[in-house]
Amino acid sequence: MVAKTFAGLEKVLADELTALGAESISVERRAVSFWGDQETLYKANFLLRTALRVLKPVAEFDVSKKEQLYNYAKKVPWTDYLALGKTFAIDSTVQSETFVNTMYASLKVKDAIADHFREATGKRPSVNTSDPDIRINVHLMDNHCILSLDSSGESLHKRGYRLGQGDAPLNEVLAAGMILLSGWHGEKDFLDPMCGSGTLLIEAAMIAKGIAPGLYRKSFGFERWPDFNENLFADIYNREYENDFNGKIVGSDISVKNVSIAKANIKNAGLSKLIEVTVLDIRKLDPPFENGIIITNPPYGERIKPNSIEDLYTEIGNVFKRKFAGYEAWVLSGSVDGLKSIGLKPSRKIELFNGAIPCSFRCYNLFQGPRKKLLIKKRIN
């Protein structure tokens, strides 16, 4: 099987799969391959925080000519995976000189599946691109093709708790990945002073409490498969995952609208008692607790002028330096000039992507005043 993720989160995803009990784990580019049984597949969809999709390969072959894709795809026993009367859709990822058109690859596989059914049963299944019963993934890299069943259905970042979002919402999988990359699992109090619609706050609360990320979803793709084991999934769903967390999770934002949206999302997730959110300009922010962790995603989009970005980040750095000694602060940003304006030396830098935007995720260990220089005495012989 293969779990897809964002660039930079592969190692975190591999660690999650190890904790899940998966075997033969191998880190790839924006993905992690692994072995497991049906229970592993269900648990991967229900419990993984940094996976976008979980794919189950059903065929793998090399193609040097366009017609070979149709011929090989037609040989797959599709009637084992898709029942008559059910619908399907094709998602394709293509990086190949032979197949320069992604739509062409999707069309050839669609025709192969339809013709396989017509020859086997006399009937063809229907295509439904908006809400298919079975979603099939075509991955064509150079001349190597893998056909997989998408066990997730909708992307796993769609947790199900979000009622609204701000102008630049943070993807839930990226938010969870940021928190896990920081090493935080609830050991310290948590602060996001530019919380937007509250994604980092909610994902932090779910991590701290051990709440399964799939808990709020209405369905998964594997529930429509012919071999779906309802009793097994019910057992996985109803297991006890939650644990105690007595710390604080606090967020704020200068936008009244964003805070209103965040509160609605937090309430929908059932986390209002755990998360505190207020309207506040970061320049007026005071520490809500001692020695906590800050993880935040400040603005860096086109809606803010470059000079304003630099001024904002300068203010962020000043607030960190003046008020938050003893904290650990993590900042994700796609603004190079903005990050320079913080005026602090990061202890760690991790390259990530927020959508198509290259970003740097930086850790700042905040000390009281300037760090003391080590004095090295000359050795006297």
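Structure: see above.
Residues numbered from 1 in each chain as written. Predicted model: local features only at pLDDT ≥ 70, side-chain atom pairs only at ≥ 80, totals over all residues. Heavy atoms only, no water.

K.L.:
Which residues make up the overall build of the chain, and what values do they have?
P.N.:
Scanning the chain from N- to C-terminus turns up 10 helices and 15 strands. Here the chain holds 381 residues, and the buried ones make up 50% of them. If you take every contact in the chain between residues at least 6 apart in sequence, the share linking residues at least 24 apart comes to 76%. Taking the 51 positively charged and 46 negatively charged side chains of the chain as two groups, their mean positions are separated by 6 Å. (Helix = DSSP H or I, 4+ residues; strand = E, 2+ residues; numbered from the N terminus. Buried < 20%, exposed > 50% of the residue type's maximum accessible area, 1.4 Å probe, protein only. Contact = heavy atoms within 4.5 Å. Lys, Arg positive; Asp, Glu negative; His and termini not counted. Charge placed at Lys NZ, Arg CZ, Asp CG, Glu CD.)

K.L.:
Explain helix α2 (residues 38-47) residue by residue, including any values.
P.N.:
For α2, the buried fraction is high: eight of the 10 residues fall into the buried class. Regarding α2, the residues found buried are T40, L41, Y42, K43, A44, N45, F46 and L47. On its buried face, α2 is in contact with α1 (10-20), β3 (31-35), β4 (53-62) and α7 (230-237). One side-chain oxygen at the N-terminal end of α2 lies 3.2 Å from the backbone nitrogen of E39; it belongs to D37. (Polar contact = N/O pair within 3.5 Å; in protein donor to acceptor, adjacent residues only side chain to side chain.)

K.L.:
Residues and numbers for the packing of aromatic side chains, please.
P.N.:
What the rule picks out here adds up to 22 aromatic pairs. Here the aromatic rings of F324 and Y327 are separated by 4.9 Å at their centres, their planes lie at 85 degrees, and the arrangement is edge-to-face. Overall, F324 belongs to the buried group, its relative accessible area being 0%. Of note, K66 hangs over the ring of Y104, and the distance from its end group to the ring centre comes to 5.1 Å. (Phe/Tyr/Trp six-rings, centres within 6.5 Å; stacked < 30°, edge-to-face > 60°. Lys NZ or Arg CZ within 6 Å of the ring centre and 35° of its normal.)

K.L.:
So, α7: which residues are in play, and what are the values?
P.N.:
Residues of α7 that are buried include every one of L232, F233 and I236, and no others. The buried residues of α7 occupy an angular sector of 95 degrees when the element is viewed end-on, so they sit on one face. Among the exposed residues of α7, those pointing more than 90 degrees away from its buried face are E230 and N231. In this structure, the buried residues of α7 make contact with α2. Where α7 begins, one side-chain oxygen reaches toward the backbone nitrogen of N231, 3.3 Å away; that side chain belongs to N229. (Arc of directions from axis to C-beta.)

K.L.:
Got a sec to walk through the layout of surface pockets? Specific residues and values, please.
P.N.:
Considering only enclosed or pocket space, the largest pocket measures out at about 980 Å³ in volume. Sorting the residues of the lining of the largest pocket by element identifies α6 (199-209), α8 (256-268) and α9 (306-323) as the ones contributing at least two each. Ranked by residue count, the leading element in the lining of the largest pocket is α9, at three residues. In terms of residue class, the lining of the largest pocket is made up of 16 nonpolar, 10 polar and 10 charged. The computed volume of the second largest pocket comes to approximately 590 Å³. Around the second largest pocket sit 23 residues that line it, and K4, R30, A31, T93 and H139 are the ones nearest its centre. Contributions of two or more residues to the lining of the second largest pocket are made by β1 (2-4), β3, β4, β5 (87-95), β7 (134-141) and β8 (144-150). (1 Å grid on protein atoms, 1.4 Å probe; cavity = no way out; pocket = protein on both sides within 12 Å on 5 of 7 lines; lining within 4 Å. Points joined across faces, edges and corners; volume = space filled by probe spheres on them. Nonpolar A, V, L, I, M, F, W, Y, C, P; charged D, E, K, R; others polar.)

K.L.:
I'd like a description of the sheet that holds β8, backed by residues and values.
P.N.:
Across the sheet, which stays open at both edges, the eight strands sit in the order β2-β3-β1-β4-β8-β7-β5-β6 with mixed pairing between neighbours. Whereas interior strands pair on both sides, the edge strands pair on one side only; in this sheet they are β2 (23-28) and β6 (126-127). Across seven bridges, β4 lies against β8 in antiparallel orientation. Its bridge partner being in β8, K56 is matched across the sheet by L149. (Pairing = 2+ DSSP bridges.)

K.L.:
Residue-level account of the pairing of β7, with values.
P.N.:
Where a strand is regular, its side chains alternate between the two sheet faces. The element β7 is largely enclosed, with a buried count of six among its eight residues. Bridging between β5 and β7 involves eight bridges; their strand directions are parallel. Bridging across to β7, F88 finds its partner in I134. When β7 meets β8, the two strands line up antiparallel, connected through six bridges. By the bridge assignment for β8, V138 is matched with L147.

K.L.:
With reference to specific residues and values, describe the sheet that holds strand β15 (residues 357-365).
P.N.:
Across a sheet, paired strands are connected by hydrogen bonds in the backbone, their directions being either parallel or antiparallel. Spatially, seven strands are ordered β11-β10-β9-β12-β13-β15-β14 in an open sheet, and the strand pairing comes out mixed. Edge strands, defined here as strands with exactly one partner in the open sheet, are β11 (275-279) and β14 (348-354). On average, each strand axis in the sheet is inclined to that of its neighbour by 20 degrees, with strand direction left out of account. Judged from the four bridges that link them, strand β12 (residues 293-296) and strand β13 (residues 328-333) form a sheet pairing that is parallel. Paired with I293 across the two strands is E328, which belongs to β13. Those strands touched by helix α5 (residues 172-182) are β9 (190-192), β12, β13, β14 and β15, and its axis lies near 170 degrees from that of β14. (Axes fitted to C-alpha atoms, helices over the stretch in contact; angles between N-to-C directions.)

K.L.:
Explain the pairing of β14 residue by residue, including any values.
P.N.:
Where β14 and β15 come together, seven bridges link them in antiparallel fashion. When the sheet's bridge partners are listed, L352 is paired in β15 with C359. The turn joining β14 and β15, which pair antiparallel and follow one another in sequence, is formed by two residues; a positive phi near 65 degrees is taken by G355.

K.L.:
Explain the nonpolar core to me, and be specific about the residues and the numbers.
P.N.:
Formed by 65 residues in total, the largest nonpolar core has its most connected members in I249, L271 and I275. Examining the composition of this core, we find that eight residues originate from one element, α6, more than from any other. Non-local contacts of L271, meaning those with residues more than four positions away in its chain, are made with I202, A205, M206, I211, Y216 and I266. Grouped together as the second largest cluster of nonpolar side chains are 50 residues, V32, L82, A105 and I113 included. (Core = buried A, V, L, I, M, F, W, Y, C linked by side-chain atoms within 4.5 Å.)

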